[in-house]
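Structural overview for review
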Amino acid sequence: MPRLVKTVCSHDCPDACSVLVTVEDDGNSPGDARAVQFRGDPDHPVTRGFLCGKVNTYEQQVYSSDRVLHPLRRCGAKGEGAFERIGWEEAIAATAGRISLAEEETGGESILQYTYAGTMGLVNRNCPSALFNRLGATRLRQNICYYGADEGYRVTVGSGYCVDPEDAVHSDLVLVWGANVVTTQVHLMPFIDEARKKGARMIVIDPYRNRTARVADEWIGIRPGTDAALALSLAHILERDELLDRDFIERRTIGFKRLSREVLPRFAPAQAAKITGLAEEEIEGLARQIGAASAPLIKVGIGIGRSTAGGGAVRAICALAGVTGSYEALGGGIQYDTGCEFELNLDAVTRPDWLRGKPRVLNMTDIGPALCEWQEPPIRFLYVHGTNPAATAPLQTKVREGLSREDLFTVVHERFLTDTARYADIVLPAPTFAEYADLYKAYGHLYLQYAEQAIPPRGESRSNLEVVQALAKKLGYDDPWFSRDTREHARALLDGSHPNLEGVDADRVLAGETTRLNIPRKTAGFAERFNTPSGKLEFYSTELEEQGLPALIDFTGEGESEEEAGDCPLRLITPPAHSFLNSSFGNLEKARRREGGRPVLMIHPDDSGEIESGDEVEISNCHGSVRLQAQVTTDTNKGTLVAEGTWWPSHGIERRGINTLTSNRLTDLGGGSTFHDNRVALKKI
Ligand SMILES: Nc1nc2c(c(=O)[nH]1)N[C@H]1C(S)=C(S)[C@@H](COP(=O)(O)OP(=O)(O)OC[C@H]3O[C@@H](n4cnc5c(=O)[nH]c(N)nc54)[C@H](O)[C@@H]3O)O[C@H]1N2
Ligand SMILES: Nc1nc2c(c(=O)[nH]1)N[C@H]1C(S)=C(S)[C@@H](COP(=O)(O)OP(=O)(O)OC[C@H]3O[C@@H](n4cnc5c(=O)[nH]c(N)nc54)[C@H](O)[C@@H]3O)O[C@H]1N2
Ligand code: SF4
Ligand SMILES: [Mo]
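Our focus in this paragraph is the site of ligand 3. Cys-9, Cys-13, Asp-15, Ala-16, Cys-17, Cys-52, Lys-54, Val-55, His-187 and Leu-581 make up every residue found near ligand 3. A molecule is said to occupy a pocket when more than half its atoms come within 2 Å of that pocket's grid points, and by this definition ligand 3 occupies the second largest cavity. Across the shell around ligand 3, the residue classes break down as seven nonpolar, one polar and two charged.

This is the structure in structure tokens:
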């Protein structure tokens, strides 16, 4: 008889869907259990019974013939992908042996754990860090994703403050600003659609007509990196037309007088039009709609932060919501990232108390230069899990050069033979989320959920926790922490004292109940929760002033880039593809076919010259060159090229991926990645 197991999708996606897996036990052995269907849980308030197109056929990923099912040892050149099967015992002994060798000869800092959110399972994502803390390894600052946007948000309204996505239904104007919701957070759409049924308009502000813009009422095609100028101009118009909420500004914000005196006068629509590439009437029209709405909601994406000026852009957008007072209206304010609302006891899993001394820190966007250039000590042992840097990290040529080093020993714990795994000395097989238990939070809603293992691990794959335990044992660590099972770790995570966890019953969570954080539904006093030093929305941040950074919200330009030195007239953005999740699912032919068969470059007709759709074109800058298939279209702006999706480099033309062109330049605030901020030259092949 088929049975249903309730689990959670582990991918790095805001929605953290509750998934019902249909499992068929064929025969008598439990090892035969097979997952035959993946469906959205109808009882989860945000999953609402549906999954995205990537995961609703997940059995194809689980049973893919590309899965790595056994430990492997390299038997060809690095990058070539030639491996032979070995046993777990040998794999663990070789890994532990190399860790000990590096530690003895060149110290803990010559060891690097390189990881990201391949699994969002809180136990499995985080527990390997404890082992590497104990080893005194170089520490990893995980800045590849959201650091720019987060910092802009945090200094303006405070971290741990957010508008519940479910409250979007109450909005009467939804601005989707630098977020491709239909693709990257599809479970927000039903809430927006409900608001639209009641009359709300939906406007998308984005350099290209992405899938979300295609279903919106209006698309504002802004020049990338200039959003702060638009937000400030909208505030300028609202002030000019006396549409500000003076009472809210007085009670709940600081620094408005200076903003009004020193900044807003410079952003009349005519000036902003020049900077943003928009028409003055477009800006005026948008301001009119915001002024007329009683609960405007701005959905701010993480992607908007991935520009040199990205942190400042998010600050200015939060400021716009501040001058309208929309934070106090049910359905209004800013919907950004709910992740920091989950005040769990993460230290119980990562064990920062095990750190000895102050090991050096690597920005994960610097992985290429670090592997190639770092000395004293050079990195000699690299352990990669839950991330695919040969595809997703910037400066791809350097990343590959570093991974090719003969004096580097690399272990990759993976589900597939990714471009990164091809450089490994040892590959360890990892499971899919159906194959292990874990605790999950979300960054697009407010519910916790514990997921049971639905089927036995395929082949000899082992979870991150199991690998850490095996390595610790081999290295001679006998701390009882290393024998804790998943449930014990999950219980420790839930053992926090923050008010958001008040009343969250660990037993019920561990029994699989979808459990909401203790965050009240929005009331008129919601803006009392601003979590800044002043407790108010800060147009002026003394914290930034103390760091020597611009304290007043402003737009001071798009930022400099080393590519500008060359002849790189066009701007390139590289947002996610609908059918991939970062580089995950890139192994599936079906997914690649849906994305055009091979990497596509969107080009505005004014920039295309002789180029026609279907032609092979080359884009290049000082970091390298990449070939793609041209699509000439008015769905992007003049001056802006769009390459959707982090394809596996091995599926690209000449085996080079888009990150050959992206740089390790950091954002203005927070030191985040700048994947959407590249200058390139374009030519036909
Ligand atoms: N299907 C799918 N879903 C995903 C992912 C995926 O790869 N595929 N990735 C997941 C991850 S890890 C993350 S972090 C989130 C990211 O999801 P989002 O927060 O949506 O971020 P991005 O998709 O990077 O960028 C969103 C939009 O910002 C636009 N943009 C780029 N630069 C600018 C700019 O300067 N100004 C403005 N206004 N817009 C700009 C891009 O064109 C894009 O349409 O999605 C998650 N969900
Ligand atoms: N050009 C460009 N580059 C980008 C971006 C962009 O927008 N444009 N987006 C950036 C962003 S926002 C992010 S977050 C990064 C993400 O980039 P990555 O962190 O590289 O994310 P994925 O490509 O999904 O790779 C995750 C890997 O983890 C593996 N995995 C999954 N589950 C497990 C597990 O349980 N154990 C182990 N050991 N492995 C597992 C998967 O098989 C997969 O290969 O990419 C960044 N790179
Ligand atoms: S990738 Fe996102 S939308 Fe798709 S099933 Fe997973 S959590 Fe849900
Ligand atoms: Mo991300």
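Moving on from the coordinates now.
So, about helix 19 (residues 486-494). Those residues of helix 19 that fall on the buried side of the exposure criterion are Thr-486, His-489, Ala-490, Ala-492, Leu-493 and Leu-494. The inward-facing, buried residues of helix 19 abut helix 3 (122-134), helix 14 (347-350), strand 18 (438-440), strand 19 (447-451), helix 18 (464-475) and helix 20 (506-510).

Before going further, it helps to spend a moment on the packing of helix 2 (residues 88-106) against helix 18. Two elements in contact, helix 2 and helix 18, have axes whose closest approach is 9 Å; the angle formed by their N-to-C orientations is 60 degrees. What the angle tells us is that helix 2 and helix 18 run oblique. Once helix 2 is placed against helix 18, the crossing between them reads as right-handed. When helix 2 is examined against helix 18, the residues Trp-88, Ile-92, Ala-93, Thr-95, Ala-96, Ile-99 and Ser-100 are found in contact with a partner set consisting of Val-467, Ala-470, Leu-471, Lys-474 and Leu-475. For the contact of helix 2 with helix 18, a count of residues per class yields nine nonpolar, two polar and one charged.

Here six strands make up an open sheet; going across it, the order is 5-4-17-16-15-6 and the pairing mixed. Taken across any chain shown, the strands that pair with only one partner, and hence form the sheet edges, are strand 5 (83-85) and strand 6 (111-115). Neighbour-to-neighbour, the strand axes of the sheet open up by a mean angle of 20 degrees, direction not taken into account. The sheet contact formed by strand 4 (residues 72-74) and strand 17 (residues 426-429) spans two bridges and is antiparallel. Its bridge partner lying in strand 17, Leu-72 is registered against Val-427. Here helix 2 sits on the sheet in contact with strand 4, strand 6, strand 15 (381-385), strand 16 (409-414) and strand 17, set at roughly 130 degrees to strand 17.

Further remarks concern the domain arrangement of the chain. As far as domains go, the chain holds domain 1 (3-62), domain 2 (72-142 + 346-437 + 458-496), domain 3 (148-338 + 524-546) and domain 4 (562-684). Here domain 1 meets domain 3 over a buried area of about 830 Å², counting both sides, of which 61% is carbon and sulfur. The three residues of domain 1 that bury the most area against domain 3 are Asp-15, Arg-48 and Phe-50, which together make up 52% of that side's buried surface. For Glu-194, the salt bridge is made with Arg-48, and the minimal N-O distance between the two is 3.7 Å.

What follows is about the nonpolar core. The nonpolar side chains of a soluble globular protein tend to be buried, and buried together. Core analysis: the largest hydrophobic core is formed by 124 residues, its most contacted members being Phe-38, Tyr-114, Trp-177, Tyr-327 and Ile-334. For this core, the element with the most residues is helix 8 (residues 227-240), which contributes nine residues. In this structure, Trp-177 is in contact with Ile-205, Asp-227, Leu-230, Ala-231, Leu-234, Ile-298, Lys-299, Val-300, Gly-301, Ile-304, Ile-317 and Leu-320, ignoring residues within four places of it in sequence. Core analysis: the second largest hydrophobic core is formed by 50 residues, Ala-102, Ala-137, Val-349 and Leu-493 among them.

What follows concerns the layout of surface pockets. As a volume, the largest pocket reaches approximately 1,400 Å³. If you trace the largest pocket, you find 44 residues lining it, with Arg-125, Asn-126, Tyr-146, Tyr-147 and Leu-346 closest to the centre. Looking at the lining of the largest pocket, the elements with two or more residues in it are strand 6, helix 3, strand 7 (139-141), helix 4 (147-157) and helix 14. Each of two domains, domain 2 (72-142 + 346-437 + 458-496) and domain 3 (148-338 + 524-546), supplies a minimum of three residues to the lining of the largest pocket.

Summed over the entire model, instances satisfying the criterion amount to five cavities of 30 Å³ or more. Its boundaries defined by the atoms lining it, the second largest cavity holds a volume of some 120 Å³. What lines the second largest cavity is a set of 17 residues, and nearest its centre among them are Cys-9, Cys-13, Cys-17, Cys-52 and Val-55. Taken together, the residues of the lining of the second largest cavity sort by class into 10 nonpolar, five polar and two charged.

Right, let's talk about the site of ligand 2 for a bit. Taken together, 29 residues sit near ligand 2, with Asn-388, Thr-392, Glu-414, Ser-583 and Ser-584 positioned nearest. In this structure, an oxygen atom belonging to ligand 2 sits 2.4 Å away from a side-chain N or O atom of Glu-414. Contact between ligand 2 and Thr-574: a nitrogen atom at 2.8 Å from a main-chain N or O atom of the residue. Computed on the free molecule, ligand 2 has an accessible area of 920 Å², of which 97% lies beneath the protein chains in the complex.

Further remarks concern the pairing of strand 17. Residue alternation in strand 17 divides its side chains into two sets, Ile-426 and Leu-428 and Val-427 and Pro-429, and both sets are buried. As paired strands, strand 16 and strand 17 are joined by four bridges and run parallel to one another. Paired with Glu-414 across the two strands is Pro-429, which belongs to strand 17.

In the structure shown here, the tally under the stated rule is 17 aromatic pairs. One aromatic cluster is present, formed by Phe-38, Tyr-58, Phe-433 and Phe-585 through successive ring pairs. Positioned above the aromatic ring of Tyr-63 is the side chain of Arg-34, whose terminal nitrogen or guanidinium carbon lies 3.9 Å from the ring centre. The ring of Trp-354 carries Arg-134 above its face, with NZ or CZ at 4.3 Å from the centroid.

For the rest of this paragraph, the subject is the sheet that holds strand 1 (residues 3-8). With antiparallel pairing, the three strands of this open sheet are ordered in space as 1-2-3. The open sheet has two edge strands with one neighbour each: strand 1 and strand 3 (34-40). Sheet twist, expressed as the mean angle between neighbouring strand axes with direction ignored, is 30 degrees. In the sheet, strand 1 pairs with strand 2 (residues 18-24) via six bridges, with the strands oriented antiparallel. Of the residues in strand 2, the one forming a bridge with Leu-4 is Thr-22.

About the cut-offs
Residues numbered from 1 in each chain as written. Chains lettered and ligands numbered in written order. Predicted model: local features only at pLDDT ≥ 70, side-chain atom pairs only at ≥ 80, totals over all residues. Heavy atoms only, no water. Near = heavy atom within 4 Å. 1 Å grid on protein atoms, 1.4 Å probe; cavity = no way out; pocket = protein on both sides within 12 Å on 5 of 7 lines; lining within 4 Å. Sits in = over half its atoms within 2 Å of the grid points. Nonpolar A, V, L, I, M, F, W, Y, C, P; charged D, E, K, R; others polar. Buried < 20%, exposed > 50% of the residue type's maximum accessible area, 1.4 Å probe, protein only. Helix = DSSP H or I, 4+ residues; strand = E, 2+ residues; numbered from the N terminus. Contact = heavy atoms within 4.5 Å. Axes fitted to C-alpha atoms, helices over the stretch in contact; angles between N-to-C directions. Parallel < 35°, antiparallel > 145°, perpendicular 65-115°, else oblique. Left-handed = near helix turned anticlockwise from the far one by under 90°. Pairing = 2+ DSSP bridges. Domains from an automatic or database assignment. Buried area = accessible area lost by both parts, 1.4 Å probe. Salt bridge = Lys/Arg side-chain N within 4 Å of Asp/Glu carboxyl O. Core = buried A, V, L, I, M, F, W, Y, C linked by side-chain atoms within 4.5 Å. Points joined across faces, edges and corners; volume = space filled by probe spheres on them. Polar contact = N/O pair within 3.5 Å; in protein donor to acceptor, adjacent residues only side chain to side chain. Areas by Shrake-Rupley, 256 points an atom, 1.4 Å probe, with all protein chains shown as cover. Phe/Tyr/Trp six-rings, centres within 6.5 Å; stacked < 30°, edge-to-face > 60°. Lys NZ or Arg CZ within 6 Å of the ring centre and 35° of its normal.

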